[in-house]
There are 2 protein chains.
Amino acid sequence: MAVDNGDFVRVNFTGKVKETDEVFDTTYDEIAQEAGLFDENKTYKPIPIVVGGNHLLPAIEEAIIGLEEGETKHIEVDSDNAFGPRDPKMVQLVPMKEFKKQGMTPFPGMRIQSEGSNGKILTVNGGRVKVDFNHELAGKDLVYDVEVTEIIADEEDKIKSMIELHYANPNVDIDKTEIDIVDGVANIKLDEMAKFDQKSYMDVTFARFRIAKDIWDNVEGITKVNFVDEFEKKEESDDEVEEE
Amino acid sequence: MAVDNGDFVRVNFTGKVKETDEVFDTTYDEIAQEAGLFDENKTYKPIPIVVGGNHLLPAIEEAIIGLEEGETKHIEVDSDNAFGPRDPKMVQLVPMKEFKKQGMTPFPGMRIQSEGSNGKILTVNGGRVKVDFNHELAGKDLVYDVEVTEIIADEEDKIKSMIELHYANPNVDIDKTEIDIVDGVANIKLDEMAKFDQKSYMDVTFARFRIAKDIWDNVEGITKVNFVDEFEKKEESDDEVEEE
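Criteria and cut-off values
Residues numbered from 1 in each chain as written. Chains lettered and ligands numbered in written order. Predicted model: local features only at pLDDT ≥ 70, side-chain atom pairs only at ≥ 80, totals over all residues. Heavy atoms only, no water. UniProt positions renumbered as here; feature names shortened; annotations may be inferred. Helix = DSSP H or I, 4+ residues; strand = E, 2+ residues; numbered from the N terminus. Rg over C-alpha atoms; globule rule 2.2 N^0.38 Å. Buried < 20%, exposed > 50% of the residue type's maximum accessible area, 1.4 Å probe, protein only. Contact = heavy atoms within 4.5 Å. Areas by Shrake-Rupley, 256 points an atom, 1.4 Å probe, with all protein chains shown as cover. Lys, Arg positive; Asp, Glu negative; His and termini not counted. Charge placed at Lys NZ, Arg CZ, Asp CG, Glu CD. Polar contact = N/O pair within 3.5 Å; in protein donor to acceptor, adjacent residues only side chain to side chain. Expected span 1.5 Å × (residues − 1). Phe/Tyr/Trp six-rings, centres within 6.5 Å; stacked < 30°, edge-to-face > 60°. Lys NZ or Arg CZ within 6 Å of the ring centre and 35° of its normal. Core = buried A, V, L, I, M, F, W, Y, C linked by side-chain atoms within 4.5 Å. Buried area = accessible area lost by both parts, 1.4 Å probe. Salt bridge = Lys/Arg side-chain N within 4 Å of Asp/Glu carboxyl O.

In the nomenclature of an unreviewed UniProt entry, chain A corresponds to Peptidyl-prolyl cis-trans isomerase from the organism Methanobrevibacter gottschalkii DSM 11977. According to UniProt, the comment filed for chain A under the heading Sequence similarities (unreviewed entry) is "Belongs to the FKBP-type PPIase family." The record held by UniProt for chain A lists under Catalytic activity (unreviewed entry) the comment "[protein]-peptidylproline (omega=180) = [protein]-peptidylproline (omega=0)".

Structure representation (structure tokens):
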């Protein structure tokens, strides 16, 4: 069975800058370590996506259509289909005093955040600091090696894969998720530990909305997704019963 | 119908220190204003409780048993049945430098917090500050005037009343709560706005647990409470349909 648009699949990949062969993202542990990208908070394993769901670059999701389970493909994505061209207007001169105000000493190569944008300092020249707010991969052609490790066939597994993708919480055991599909409604009961998330309820709602949307859009016949938190009375202990 | 143990009721009350007639808590707007207790973040109206549910002092919950709807009662609660005796060991001498460290200038009557305990400064004498960590009402006999404004008969209304009590969120409209009781399970769908709570999921879980427990313990036949967050696919607009 070959990968089709709307399929739920798991993929391994490594993305490199075409010109320099520099690895910028990978799902492989060893490659991350070699490239100096290894993050101990990340789990290196195939990630679940929906083909056409905008979870990876659209060009990559399109390119894997037709692959068989276990098949790999080398994909070239030019900058226009990746992170777009570099915009010279996104390179800005920032007065040194703005940095001093925040107790920062800028140096070339330093990464900063300003109003939600990420920037990289190019040069520091007297009172002026040149900052590039372009995406780091803007203007670059990329190459990806992608392996389709699994095409997910089962409806429950499709739903679980989207929970895995959007509900990143190392304390939540995906195998303890209970899913019950009745009359077009998917009822999801997450691992009990999910109830004790420190994140705000609103952030959890946004993650749930993304899960629900990927399910509606790609699982035939499901139009509603319910997240159910159960609270059940425990059996009374003998002591308590004797009291009565 | 008279109030019985385990009943869900709404009450208005005013609590005073017996000796001084000083009001320390009330559900009445005007009395709060007169007593200088008015808090604009609070809504002054009868509060829902379960009789015997430990929502008010047990002595008060006991005293209202037998009252009819609309009936009022004057209740005296001696200190042993209210906030207990004053404990001289809870009056402590704290070195002035501990206050200075935190940039505080203590004065008699000032209220402070230390490791979760509330204290009141009694005297400031040179390098030593005398702080009373006893509950403000410890050792005091109290009098309450309580009115039972409503005995809640309907099961759904009982459940809603506990949501009102434990799920304090001014953005959540209790009248938009949907409750569905099937085979001993109460399924609760809160107002859509509840999904966007800024509180942590864990705090929301604790509030839900308290609601669930009050329901199990006091609504005949219910042993499970589910909180359901629905995410439903919206009808596609004409534009989207035409695309296909």
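Here the narrative resumes.
### Points about the overall build of chain A
The helix and strand tally for chain A stands at six helices and 12 strands. For 244 residues, the compact-globule formula gives about 18 Å, and the C-alpha radius of gyration of chain A, at 23 Å, lies well above that figure. Along the longest, intermediate and shortest principal axes, the C-alpha atoms of chain A span 80 × 55 × 35 Å. Counting only residues that meet the buried cut, chain A has 41% of its 244 residues in that class. Excluding contacts between residues fewer than 6 apart, the proportion of contacts in chain A whose partners are at least 24 apart in sequence is 62%. Accessible area for chain A stands at about 14200 Å²; split by element, carbon and sulfur atoms hold 45% of it. Between the averaged position of the 28 positive side-chain charges in chain A and that of its 56 negative side-chain charges there is a distance of 12 Å.

### Considering the side chain of A:Glu230
Its place among the elements puts A:Glu230 in strand S12 (residues 224-232). By relative accessible area, A:Glu230 is classed as buried at 19%. A distance of 3.2 Å separates a polar atom in the side chain of A:Glu230 from a polar atom in the side chain of A:Lys189. In this structure the side chain of A:Glu230 is engaged in a polar contact, spanning 3.1 Å, whose partner is the side chain of B:Lys224. Discounting chain neighbours no more than four positions away, the residues touching A:Glu230 are A:Lys189, A:Lys195, B:Lys224, B:Val225 and B:Asn226.

### Brief notes about helix H4 (residues 155-166) of chain A
Residues and elements named next belong to chain A. With 12 residues, H4 extends 17 Å from end C-alpha to end C-alpha; this agrees with the ideal 16 Å at 1.5 Å per step. Within H4 the residues assigned to the buried category are Lys 158, Ile 159, Lys 160, Ser 161, Met 162, Ile 163 and His 166. Looking at the packing, one finds that the buried side of H4 touches strand S1 (8-17), strand S3 (47-50), strand S9 (142-152), strand S10 (178-182), strand S11 (185-189) and helix H5 (201-218). For H4, the capping residue at the N-terminal end is Asp 154, with a side-chain oxygen 3.0 Å from the backbone nitrogen of Glu 156.

### Some points on the side chain of B:Lys195
Residues and elements named next belong to chain B. When you line up the elements, Lys 195 lands in the loop between strand S11 (185-189) and helix H5 (201-218). The class of Lys 195 is buried, set by a relative accessible area of 5%. Here the side chain of Lys 195 touches Glu 230 through a polar contact of 2.4 Å, landing on its backbone oxygen.

### What about the packing of aromatic side chains?
Summed over all chains, the structure comprises 13 aromatic pairs over all chains. For the pair A:Phe38 and A:Tyr44, a centre-to-centre distance of 5.2 Å together with 20° between the ring planes defines the contact as stacked. Taking the relative accessible area as the measure of exposure, A:Tyr44 reaches 15% and is therefore buried. Relative to B:Phe231, the ring of A:Phe227 lies with its centre 5.8 Å away and its plane at 90°, an arrangement referred to as edge-to-face. Of the two residues, A:Phe227 is situated in strand S12 and B:Phe231 in strand S12 (residues 224-232); the pairing between them involves two chains. With respect to class, A:Phe227 is no different from B:Phe231; both count as buried. The side chain of A:Lys195 reaches across the aromatic face of A:Phe231, ending 4.1 Å from its centre.

### Looking at the nonpolar core
With 50 residues, the main nonpolar core has A:Tyr167, A:Ile188, A:Val225 and B:Ile188 as its most contacted residues. Elements that contribute at least two residues to this core include exactly H4, S11, H5 and S12 of chain A together with helix H4 (155-166), S11, H5 and S12 of chain B.

### Considering H5(A)
Its 18 residues give H5(A) an end-to-end C-alpha distance of 26 Å, which sits within 8% of 26 Å, the value for a rise of 1.5 Å per residue. Burial in H5(A) covers these residues: A:Tyr201, A:Met202, A:Val204, A:Thr205, A:Ala207, A:Arg208, A:Ile211, A:Ala212, A:Asp214, A:Ile215 and A:Trp216.

### Some thoughts on the interface of chain A and chain B
Contacts between the two partners involve 29 residues from chain A and, on the opposite side, 28 residues from chain B. Regarding the contact of chain A and chain B, the summed buried area is about 2800 Å², with carbon and sulfur atoms giving 60% of it. When the buried area of chain A at its contact with chain B is split by residue, A:Tyr201, A:Phe231 and A:Lys233 rank highest and sum to 30% of it. At the surface where chain A touches chain B, the tally comes to four salt bridges. Across the pair B:Arg208 and A:Asp229 runs a salt bridge, and its minimum N-O distance is 3.2 Å. Counting the contacts that link chain A with chain B gives 21 residue pairs in polar contact (both at pLDDT 80 or more). Of all elements in the fold, only H5 and S12 of chain A reach the threshold of two or more residues within the side of chain A that touches chain B.

### Overview of the pattern of salt bridges
As enumerated under the stated definition, the model contains 32 salt bridges over all chains in all. Between A:Glu150 and A:Arg10 there is a salt bridge whose closest N-O contact spans 3.1 Å. Of this pair, A:Glu150 sits in strand S9 while A:Arg10 is found in strand S1, placing the two residues 140 residues apart along the sequence. Where B:Asp25 meets B:Lys42, a salt bridge forms, and the shortest distance between an N and an O atom there is 3.8 Å. Taken together, the positions of B:Asp25 in strand S2 (residues 23-26) and B:Lys42 in the loop between helix H1 (29-34) and strand S3 (47-50) put the pair 17 residues apart, joining distant regions of the chain. Since its relative accessible area comes to 41%, B:Lys42 is described here as partly exposed. Via salt bridges that share partners, A:Arg10, A:Lys45, A:Glu150 and A:Glu164 belong to a single interconnected network.

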